[in-house]
Amino acid sequence: MTGRPDGRSVIVTGAGSGIGRAAALAFATQGDRVVLADLDAQGAEAAVQEIERAGGTAVAVAGDLSEQAVVDRVTATALERFGGIDVLVNNAGIMDRMSALADVSDAEWERVLRVNLTAPFLLTRAVLPHMLAAGRGAVVNTASEAGLRGSAAGAAYTASKHGVVGLTKNLAVMYRGRGIRANAICPGGTQTAISVDVEQGAHGPAALGPHFVNLGRVSQPEEQAAAIVFLASESASNINGAILPVDDGWSAV
Ligand code: NAD
């Protein structure tokens, strides 16, 4: 790893697994210092150790990001350890049971919305004042193919990911001209714990239905991470409010 002395301070949520883990490794590889936030303490700690073995700088924060106290701990850790927050990647998410609306329980609806949409809102709200004070900051949200169309998942997940798209666009518009950029990626099927669960039917039989016609090639987490790192970079300095499918053309069908 290059260990750039001016490496940015980056928060990645859901960094204990899949896309978030790949993004955390990619940021660290280019010399950024990374806070890895995840419900899964072991996963986050293992990723931190991998980064440190390669000469990078990272710290894990374990907890449920839908809780304000955990959000505050993540924010405080980035400020105390790395002196600011340059990049926030709201990536942690959970799948629903791929149920049609009438079959969604209150508990499932509230949990999926809380983790996928409210947690990014809470963390962005906590981080934003520090980015505004510094006059710069990049937010990258992981939405989904289900944030673009109605047929990629169940009612709760689809609503939550459309919400992430809206949150991203609103942030981009409300804070443009103040050094803040906000963009989102919309992964198609990606080889992670979530997609393995879907394939194995853990999210209900709808996963075996017509939803995944024309899915395209399943992507690797590193391909999603590359898009996240790009949107957070200076190379994307004029890209703001963009919703980028990373899906082998699934959304173009
Ligand atoms: P993953 O299950 O490998 O990783 C998700 C991580 O988020 C896990 O480490 C999990 O512990 C963490 N997490 C879940 N709830 C949390 C909470 N309340 N607080 C803190 N951490 C929490 O799955 P992934 O595919 O890497 O998912 C990353 C993102 O990509 C999600 O937002 C998901 O919706 C989105 N996505 C995935 C796919 C796909 O096919 N894998 C497709 C589209 C979108």
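Right above here is the structure, for reference.
This write-up is about the structure you can find in this document. (Residues numbered from 1 in each chain as written. Predicted model: local features only at pLDDT ≥ 70, side-chain atom pairs only at ≥ 80, totals over all residues.)

With respect to the packing of helix α4 (residues 106-134) against helix α5 (residues 155-174)
Okay, step 1: Packing of α4 against α5 brings their axes to within 9 Å, and their N-to-C directions diverge by 15°. Taken together, α4 and α5 sit at an angle that is classed as roughly parallel. With respect to the hand of their crossing, α4 and α5 are arranged in right-handed fashion. Contact residues: Glu108, Trp109, Val112, Leu113, Asn116, Leu117, Pro120, Phe121 and Thr124 in α4; Ala156, Tyr157, Ser160, Lys161, Gly163, Val164, Leu167 and Leu171 in α5.
Okay, step 2: A class-by-class count of the residues in the contact of α4 with α5 yields 11 nonpolar, 4 polar and 2 charged. (Axes fitted to C-alpha atoms, helices over the stretch in contact; angles between N-to-C directions. Helix = DSSP H or I, 4+ residues; strand = E, 2+ residues; numbered from the N terminus. Parallel < 35°, antiparallel > 145°, perpendicular 65-115°, else oblique. Left-handed = near helix turned anticlockwise from the far one by under 90°. Contact = placed C-beta atoms within 7 Å. Nonpolar A, V, L, I, M, F, W, Y, C, P; charged D, E, K, R; others polar.)

Some thoughts on the sheet that holds strand β3 (residues 57-62)
Within a sheet, adjacent strands bond to each other through the backbone by hydrogen bonds, running parallel or antiparallel.
Okay, step 1: Taken in spatial order, the 7 strands make up an open sheet running β3-β2-β1-β4-β5-β6-β7, and their pairing is parallel. Of all strands in the sheet, those with a lone pairing partner are β3 and β7 (243-246), marking the two edges. If you compare each strand with its neighbour and ignore which way they point, the axes differ by 15° on average.
Okay, step 2: By the bridge criterion, 5 bridges tie strand β1 (residues 9-13) to strand β2 (residues 33-38) in an arrangement that is parallel. Across the sheet, Ile11 pairs through a bridge with Val35, a residue of β2.
Okay, step 3: Most of the contacts of α5 go to strand β6 (residues 180-187), to which it runs at about 160°, and overall it touches β5 (137-142), β6 and β7. (Pairing = 2+ DSSP bridges.)

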